[in-house]
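# Architecture and fold: a report
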Amino acid sequence: RRQKPALSPSRNPIDRMGSSTRYSRGEQVFRNGQVSRHIYQVESGCIRTYINPSGGRRLIVAFYFPGDYFGVEIRKKHRFSAEATVPSSVRLIGIKALALRAATDDAVARHMMHITNMELQRAQNHSLLLRDYSDERVGNFLFEMKKRNRRKEVDLVMSRQDIADYLDLSLETVSRAFTRLE
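Here we summarise the structure given alongside this text. (Residues numbered from 1 in each chain as written. Predicted model: local features only at pLDDT ≥ 70, side-chain atom pairs only at ≥ 80, totals over all residues. Heavy atoms only, no water.)

### Quick word on the sheet that holds strand β6 (residues 69-70)
- What the 4 strands build is an open sheet, ordered β1-β8-β3-β6; its pairing is antiparallel. Looking at which strands have only one partner, the edges of the open sheet turn out to be β1 (19-23) and β6.
- Of the strand pairs in this sheet, β1 and strand β8 (residues 88-94) are connected by 5 bridges, and their pairing is antiparallel. Across the sheet, the residue bridging to Ser19 is Leu92, located in β8.
- Along the sheet, helix α1 (residues 95-104) makes contact with β3 (38-44) and β8, crossing β8 at roughly 60°. (Pairing = 2+ DSSP bridges. Helix = DSSP H or I, 4+ residues; strand = E, 2+ residues; numbered from the N terminus. Contact = heavy atoms within 4.5 Å. Axes fitted to C-alpha atoms, helices over the stretch in contact; angles between N-to-C directions.)

In structure tokens, the structure reads:
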């Protein structure tokens, strides 16, 4: 009888820090203005970050999937809110413990630089996406989801309204674009 190979531990020391918490669909992980005490890593499910501008409709800033980190802040308070789009498991990593570890562990410091770089790339890609026409936005969004999904099919674990709020389009425009792209 063959033994199952042991799961290889992550090479990233940050992945072994913190503790896991479950969130139900629509449950907030943190809110805009709340003191930032953690960074977060999605273990399962999907998390959206968003803002509600005064007098405006919700704008989704990003979607995060398993392995992604979010909630990295320069300021002491969160600039966005975060909530689960589906039941999700999230690892909470204390910022103080992480900073202490990064001060003495080059691998942790390098990985924090990688996390920061990924977040910058995500923000740049989103701002470029918003310059496209509606059909291009929806098409490019689907390609992005395909790249991040790692499966043959594209599983959209967010609502069409979420997609509209991410692409800064109306729900009707997103629905029409899906129909045209079929």
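The structure having been displayed, the exposition proceeds.
### Quick notes on the nonpolar core
- Judged by nonpolar contacts, the single largest core of 18 residues is most densely connected at Phe63, Phe141 and Leu167.
- Those elements that provide at least two residues to this core are β5 (59-64), α3 (134-149), α4 (160-167) and α5 (171-181).
- Looking at this core, the element that brings in the most residues is α4, giving 4 residues.
- Once you skip the residues sitting within four places of it in the chain, Leu167 turns out to touch Leu129, Leu130, Arg137, Val138 and Phe141.
- Core analysis: the second largest hydrophobic core is formed by 13 residues, Val29, Ile47, Ala84 and Leu92 among them. (Core = buried A, V, L, I, M, F, W, Y, C linked by side-chain atoms within 4.5 Å. Buried < 20%, exposed > 50% of the residue type's maximum accessible area, 1.4 Å probe, protein only.)

### Topic: the pattern of salt bridges
- In total, this model carries 10 salt bridges according to the counting rule given.
- Of the charged contacts in the structure, one is a salt bridge between Asp165 and Arg57, with a shortest N-O distance of 3.3 Å. Of this pair, Asp165 sits in helix α4 while Arg57 sits in the loop between β4 (47-51) and β5, and the two are 108 residues apart along the sequence.
- Classification of Asp165 by relative accessible area gives buried; the value is 3%.
- The structure contains a network of salt bridges with shared partners spanning Arg48, Arg57, Arg58, Glu83, Asp162, Asp165 and Asp168. (Salt bridge = Lys/Arg side-chain N within 4 Å of Asp/Glu carboxyl O.)

### Remarks on the packing of α4 against α5
- Between α4 and α5, whose axes approach to 8 Å, the crossing angle comes to 105°. Relative to α5, the element α4 lies roughly perpendicular. In this structure, α4 uses Arg160, Gln161, Ile163 and Ala164 to contact α5, whose residues at the interface are Leu171, Val174, Ser175 and Phe178.
- Of the residues belonging to the contact of α4 with α5, the class tally is 5 nonpolar, 2 polar and 1 charged. (Parallel < 35°, antiparallel > 145°, perpendicular 65-115°, else oblique. Nonpolar A, V, L, I, M, F, W, Y, C, P; charged D, E, K, R; others polar.)

### A look at α5
- The set of residues buried in α5 consists of Thr173, Val174, Ala177 and Phe178. Each buried residue of α5 sits inside an arc of 140° when the element is viewed along its axis, so together they form one side.
- Considering only its buried residues, α5 is in contact with α3 and α4. (Arc of directions from axis to C-beta.)

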